[in-house]
Amino acid sequence: VPWLKVHEYLLKVGSCRTIREFTLTACREVEKIIPFDTTACLHRVANGRSFDRCLGSACTGDATSEYNIYYRMRQPGAPGASGQHPDLALRSLMSTAVIDWRKLQRLEYAADFMLPNRMCKSLARVFPTHRVALSAHRSRSSPDFTDTDITVLDLLNQHLNTYWPLLL
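This section reports on the structure supplied with the text.

### Structural notes on the pattern of salt bridges
Reasoning step 1: According to the stated counting rule, one finds five salt bridges in the structure shown.
Reasoning step 2: Between E29 and K32 there is a salt bridge, with its nearest N and O atoms 2.7 Å apart.
Reasoning step 3: For K32, a relative accessible area of 48% corresponds to the partly exposed category.
Reasoning step 4: Note that R102 and D100 form a salt bridge whose closest N and O atoms lie 3.1 Å from each other.
Reasoning step 5: Residue R102 is classed as partly exposed on the basis of its relative accessible area, which comes to 25%.

Shown next, in the form of structure tokens:
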């Protein structure tokens, strides 16, 4: 694990004084630790359950809106959602940090958003206690995310959530 790079990342993000500077730094600097080749986003989590708003500069309004609708629809207990996930693909989507969207091409979200934007592999982790969540995406030609990438993302998200309340 590149601990020195993690330390440098946390120093840079921790020294930010505005939400805009925080989000841009968090997204820009993560590539030095977890390489990605399409986009990286920092999301604010609403009630610890779904992505509320993309804070990174890489997100467009339309894409973020579709992202929000999709993730809210798949939350158990959300308005209009069933308490159970009858679809095995959706259950696997909820339980893993790394998603290979090519395996889920029949899902509307993959077909309409992820694959057209060349986001074939995603690394994201949202825990109920998090207020923000960092995610990274790779295209079809990139290698899969590793266990080290998952560990580092989890660590970064914990620290980003320590810094986040200080900015508000």
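### Description of the pairing of strand β5 (residues 132-138)
Reasoning step 1: Among the seven residues of β5, seven are classified as buried, and the element is accordingly described as predominantly covered.
Reasoning step 2: Residue alternation in β5 divides its side chains into two sets, V132, L134, A136 and R138 and A133, S135 and H137, and both sets are buried.
Reasoning step 3: Sheet topology places strand β1 (residues 39-46) next to β5; six bridges connect them, and they run antiparallel. In the sheet register, R44 faces β5, and the bridge partner there is V132.

### A look at the side chain of H43
Reasoning step 1: Along the chain, the position of H43 falls in strand β1.
Reasoning step 2: Beyond its immediate sequence surroundings of up to four residues, H43 is in contact with F51, R53, C54, Y67, R131, V132, A133 and S135.

### Details of the sheet that holds strand β2 (residues 50-54)
Reasoning step 1: Judged by pairing direction, the sheet is antiparallel, and its five strands sit side by side in the order β2-β1-β5-β4-β3 without closing on themselves. A strand with exactly one partner marks an edge of an open sheet, and here the two such strands are β2 and β3 (98-100). Neighbour-to-neighbour, the strand axes of the sheet open up by a mean angle of 30°, direction not taken into account.

### Quick word on a negative patch on the surface
Reasoning step 1: Together, D62, E66, E108 and D112 make up a negatively charged patch on the protein surface.
Reasoning step 2: Secondary structure elements with two or more residues in the negative patch: α3 (61-73) and α5 (108-114).
Reasoning step 3: As for its position among the elements, E108 is in helix α5.

### A look at the packing of helix α1 (residues 3-14) against helix α2 (residues 19-29)
Reasoning step 1: Their axes nearest at 9 Å, the elements α1 and α2 cross at an angle of 165°. Relative to α2, the element α1 lies roughly antiparallel. Crossing geometry of α1 relative to α2 is assigned as right-handed. Residue-level inspection shows Y9, K12 and V13 of α1 in contact with α2, the latter providing F22, T25, A26 and E29.

What counts and what doesn't
Residues numbered from 1 in each chain as written. Predicted model: local features only at pLDDT ≥ 70, side-chain atom pairs only at ≥ 80, totals over all residues. Heavy atoms only, no water. Salt bridge = Lys/Arg side-chain N within 4 Å of Asp/Glu carboxyl O. Buried < 20%, exposed > 50% of the residue type's maximum accessible area, 1.4 Å probe, protein only. Helix = DSSP H or I, 4+ residues; strand = E, 2+ residues; numbered from the N terminus. Pairing = 2+ DSSP bridges. Contact = heavy atoms within 4.5 Å. Axes fitted to C-alpha atoms, helices over the stretch in contact; angles between N-to-C directions. Patch = residues over 30% accessible without salt bridge, like charges linked within 9 Å, V, L, I, M, F, W, Y side chains within 5 Å. Areas by Shrake-Rupley, 256 points an atom, 1.4 Å probe, with all protein chains shown as cover. Lys, Arg positive; Asp, Glu negative; His and termini not counted. Charge placed at Lys NZ, Arg CZ, Asp CG, Glu CD. Parallel < 35°, antiparallel > 145°, perpendicular 65-115°, else oblique. Left-handed = near helix turned anticlockwise from the far one by under 90°.

So far we have only geometry, and geometry alone does not tell us how the molecule works.
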